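What the coordinates show
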Amino acid sequence: MPETFLPPAARTAGRVVVWVLGLALLFVLFALGWIAVRGYLAYDHLSSAQKRAPEIASDLGDLSAAGETIDEIARHTSAARELTSDPLWQGAEGVAWIGPQLAAVADVAAAVDDVVTGTARPIASVAVGFGAEAFVPVDGRIDTSAFAALADPATDAAGVAASARDDVAAIDRTPLVAPIADAVDQLGDALSQVAAGTDALARASTLLPSMLGAEGARNHLLLVQNNAEWRTLGGIVGSMTPVRADDGRLALGEQIQARATTQYPESILDLGEYASIYQAKPGRFLQNITQVPDFRLTAELAKEFAAREDVPVDGVISIDPVALSYLLEATGPVDLPTGVTLTSASAAQFLLNDVYLDYPDADQQDLVFSAAAGAVFSALTSGDVDAGALLRALSRAGSEHRLYLWSAVPADADVLAGTTLAGAPPTNDDDTARFGVYLNDGTGSKMDYYVTPDVNLAITGCGVGATPRTLTVQVTLTSNAPADAATSFPEYITGGGANGVPPGIARVVGEVYLPEGFEVASSEITTESGFGGGMVGGRQVLSYSVDLKPGDTQTVTIEVTADTDIRDAEAWVTPTADADLSPIVRASCDPADGAVLG
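1. Overview of the overall build of the protein
Helix and strand content of the protein: 17 helices and 19 strands. The proportion of buried residues among the 598 residues of the protein is 47%. When contacts within the protein are restricted to residue pairs at least 6 apart in sequence, long-range pairs at least 24 apart make up 71% of them. A total of about 26,900 Å² of accessible surface is found on the protein, and carbon and sulfur atoms cover 56% of it.

2. So, the packing of helix α6 (residues 145–169) against helix α7 (residues 178–211)
For the pair α6 and α7, interaxial distance at closest approach is 7 Å and the crossing angle is 155 degrees. In terms of orientation, α6 and α7 fall into the roughly antiparallel class. Like other packed secondary-structure pairs, α6 and α7 cross with a definite hand, here left-handed. By residue class, the composition of the contact of α6 with α7 is 21 nonpolar, six polar and two charged.

3. Considerations on the pairing of strand β9 (residues 432–441)
One face of the sheet, then the other: side chains in a regular strand alternate in exactly this way. The buried fraction of β9 is high, at ten of ten residues. The two faces of β9 match: Thr-432, Arg-434, Gly-436, Tyr-438 and Asn-440 on one face and Ala-433, Phe-435, Val-437, Leu-439 and Asp-441 on the other face are all buried. With six bridges connecting them, β9 and strand β17 (residues 568–573) associate as parallel partners. When the sheet's bridge partners are listed, Thr-432 is paired in β17 with Asp-568. One ladder, built from six bridges, connects β9 with strand β12 (residues 506–513); its direction is antiparallel. Note that in β12 the partner of Leu-439 across the bridge is Gly-510.

4. Digging into helix α11 (residues 321–331)
For α11, a buried count of ten out of eleven residues is recorded, marking the element as mostly surrounded by other parts of the structure. Every buried residue belonging to α11 is among Pro-321, Val-322, Ala-323, Leu-324, Ser-325, Tyr-326, Leu-327, Leu-328, Ala-330 and Thr-331, and all of these are buried.

5. Thoughts on the side chain of Asp-86
Note that Asp-86 resides in the loop between α3 (67–83) and α4 (87–92). Taking relative accessible area as the criterion, Asp-86 reaches 11% and is therefore assigned buried. Here Asp-86 is in contact with Trp-34 and Arg-38, once residues within four sequence places are set aside.

6. Section: the nonpolar core
Counting residues in hydrophobic clusters, the biggest one holds 80 residues, and the most contacted among them are Phe-435 and Tyr-544. When neighbours within four sequence positions are excluded, Tyr-544 is seen to be in contact with Leu-439, Val-475, Leu-477, Val-508, Val-509, Gly-510, Glu-511, Val-512, Ile-525, Gly-530, Phe-531 and Val-556. Counting 32 residues, the second largest nonpolar core, distinct from the first, contains Ile-277, Leu-301, Tyr-404 and Trp-406.

7. As for the sheet that holds strand β14 (residues 532–536)
In spatial order, the strands read β14-β15-β12-β9-β17-β18; together these six strands make up an open sheet with mixed pairing. The open sheet has two edge strands with one neighbour each: β14 and β18 (584–588). Across this sheet, the average inter-strand angle for adjacent strands is 20 degrees, counted without regard to direction. The pairing of β14 with strand β15 (residues 539–548) spans five bridges and is antiparallel. Bridged to Gly-532 within β15 is Ser-543.

8. Observations concerning the environment of Tyr-404
Checked against the element boundaries, Tyr-404 lands in strand β8 (residues 403–407). Those residues within four positions of Tyr-404 in sequence are excluded, and the remaining contacts are Gln-225, Leu-233, Phe-295, Val-316, Ile-317, Ser-318, Thr-420, Leu-421, Ala-422 and Gly-423. From its side chain, Tyr-404 meets the backbone oxygen of His-401 in a polar contact 3.4 Å long.

9. Side note on helix α12 (residues 347–358)
Look at α12: only 14 Å from first C-alpha to last across twelve residues, short of the 16 Å you get at 1.5 Å a residue. Where the residues of α12 are buried, they touch β1 (218–226), α11, β7 (341–342), α13 (362–381) and α17 (491–494).

10. Details of the pattern of salt bridges
Applying the stated criterion across every chain yields a total of 23 salt bridges. Linking Arg-165 and Asp-166 is a salt bridge whose minimum nitrogen-to-oxygen distance equals 3.1 Å. The salt bridge involving Glu-229 is made with Arg-231; its shortest N-O contact spans 3.7 Å. According to the relative accessible area criterion, Glu-229 is buried, its value standing at 8%. Look at Arg-231 and you get buried, because its relative accessible area is 8%. Salt bridges linked by common partners bring Asp-320, Arg-396, Glu-400 and Arg-402 together as one network.

11. As for the environment of Ala-299
Relative to the assigned elements, Ala-299 resides in helix α10 (residues 295–307). Not counting residues within four places of it along the chain, the set of residues in contact with Ala-299 comprises Val-316 and Trp-406.

12. Focus: the side chain of Asp-294
Take Asp-294: it is sitting in the loop between α9 (281–284) and α10. The buried category is assigned to Asp-294, whose relative accessible area is 10%. Ignoring any residue separated from it by four or fewer positions in sequence, one finds Asp-294 in contact with Leu-233, Tyr-274, Gly-423, Ala-424 and Pro-425.

13. Considerations on the packing of aromatic side chains
Each aromatic ring pair is summarised here by two numbers: the centre-to-centre distance and the angle between the ring planes. Summed over the entire model, instances satisfying the criterion amount to nine aromatic pairs. For the ring pair Phe-135 and Phe-147, a centre distance of 5.0 Å and an interplane angle of 75 degrees mean the geometry is edge-to-face. Within this pair, whereas Phe-135 is found in the loop between α5 (98–126) and α6, its partner Phe-147 is found in helix α6, the two being separated by twelve residues in sequence. Phe-147 carries the same exposure label as Phe-135, and that label is buried. Measuring from centroid to centroid gives 5.4 Å for Tyr-356 and Tyr-492, while their planes differ by 20 degrees, and the two rings are stacked. With Tyr-356 in helix α12 and Tyr-492 in helix α17, the pair connects residues that are 136 residues apart, well separated along the chain.

14. A few points about the environment of Ala-393
For Ala-393, the location among the structural elements is in helix α14 (residues 387–399). The spacing of Ala-393 and Leu-328 is 65 residues in sequence and 8.6 Å in space, taken between C-alpha atoms. Ignoring sequence-local partners within four residues, the contact set of Ala-393 consists of Tyr-326 and Leu-327.

15. Topic: a nonpolar patch on the surface
Residues Val-37, Tyr-40, Leu-41 and Tyr-43 make up a contiguous nonpolar surface patch of about 460 Å² in total accessible area. Here Tyr-40 lies in helix α1 (residues 8–52). Given a relative accessible area of 56%, Tyr-40 falls into the exposed group.

16. Some details on unusual backbone geometry
Positioned with a positive phi, Trp-97 is a non-glycine residue whose angle comes to about 65 degrees. If you trace the backbone, Trp-97 turns up in the loop between α4 and α5. Using a relative accessible area of 58% as the deciding quantity, one classes Trp-97 as exposed. With a phi close to 60 degrees, His-401 is a non-glycine residue in the positive phi region. Checked against the element boundaries, His-401 lands in the loop between α14 and β8.

Parameters at a glance
Residues numbered from 1 in each chain as written. Predicted model: local features only at pLDDT ≥ 70, side-chain atom pairs only at ≥ 80, totals over all residues. Heavy atoms only, no water. Helix = DSSP H or I, 4+ residues; strand = E, 2+ residues; numbered from the N terminus. Buried < 20%, exposed > 50% of the residue type's maximum accessible area, 1.4 Å probe, protein only. Contact = heavy atoms within 4.5 Å. Areas by Shrake-Rupley, 256 points an atom, 1.4 Å probe, with all protein chains shown as cover. Axes fitted to C-alpha atoms, helices over the stretch in contact; angles between N-to-C directions. Parallel < 35°, antiparallel > 145°, perpendicular 65-115°, else oblique. Left-handed = near helix turned anticlockwise from the far one by under 90°. Nonpolar A, V, L, I, M, F, W, Y, C, P; charged D, E, K, R; others polar. Pairing = 2+ DSSP bridges. Core = buried A, V, L, I, M, F, W, Y, C linked by side-chain atoms within 4.5 Å. Polar contact = N/O pair within 3.5 Å; in protein donor to acceptor, adjacent residues only side chain to side chain. Expected span 1.5 Å × (residues − 1). Salt bridge = Lys/Arg side-chain N within 4 Å of Asp/Glu carboxyl O. Phe/Tyr/Trp six-rings, centres within 6.5 Å; stacked < 30°, edge-to-face > 60°. Patch = residues over 30% accessible without salt bridge, like charges linked within 9 Å, V, L, I, M, F, W, Y side chains within 5 Å.

The structure is reproduced here in structure tokens:
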């Protein structure tokens, strides 16, 4: 053996170091293998849960029937959570590069498990026989007991879902590799949908029993907006109909035509700052109560107008003919006494245009409108309704700002607050700046049916942090009326020049509510006319007026700026007779080029 010059103690220490390093290496290899195996098993469990998830959707007709599927999914999500939360995994989360990947996987597994065990399981356990059919009246009555049983667990579930959504949203994507970052983003989108769905169920199960008269009869008022004559929220109020709800049973009262109600010399309620934009008109004429961009004030005005007609009101519901066409997808066609059959494809055109061509007398029109409301109501309350289609119709109408709901009962109002049904004006949040782009008729006629608004939105200057942003909103208005509209259309459509607008011309009076904190950089109209406006709620409002001859197109362009870190923008637009025009237009920052047109 070669002679060593190291003393015995040094040689012993060396051997110890080698052993320690060897054991450390073995531990690292073991830890990596342990984590890799557990990671693979966790992935397999999550994949199995994902494959079973669509089975829940197939059981929406009876949520309790989904219990077995949910239990199986919960077994997989709980296993995935356990596999990604042991001490070795948690310790490795502090290691550079690999740590953030492991932490993200663990957070995702925990969030998914929370949603399954904290939302789906509790709801399914109490939803005995409950499904979409619960929303359908049978013989004119909705059984509210199922909703009452769901209220508490659904509310708890909504809180769990929202927390899981926020936890995933808080994961820092910056250090993540692309596949994991994409998976986190996809899960975030899914959790947002789950959170929205459970929140809607919680609110519905809390609100519906009381509003349907489970605790005492309620008197509601149904408003039907007419999108052929624009107002900010959609169209003029053509009629209001009392609806009595008593222990889930619904009964329709006699329809009150807006043109037959009293016109007052002053506003019947204080309009606040809105008076600087609309003067007293929303409070003088029932037809104009939707001119203000806040349905809560519209409902208060409707309640007061009804009270002066000796009609008591506990709640107000607003809908338009386009939303009615969605409901007809659930009921199927309905026949009117006049011989006309309303279908989902024909209802909006008939109620917003054809009726004025076929029945030039206003009294005849009122009879047709009353018959249509009664026929659709009867179809909805008969029980012969496609429950899934009904829920889709209501959801679509609400998301498009074609369905609003207000209650005079404070507890109900609290439940509605923050939902699209409440109809509050658009406001900014941490990520999104919002415009209100509203359209009002200035002709005093039904010419707006022939006007198409094309709204575009852009955002530029998308730097990091609070840097100057420029938002550009462009409103292009085009008249599609025939060249001979002045003579070929009846006076009820053209207005007959009653408001100083020659027949055949459509006058649009628009208002653009700027996002809070933004200032006007430039504004122009192709007619080269100017802007009016004022201030409402601390935000600037620009108003304008455009006259459109048949075939004319005019464009309004407004640029606003602010130092901000918002990344998204929206424009909430007056819903029109065209179901293909989205009432919400969006734009978002793109890290590549800094701007995206909405």
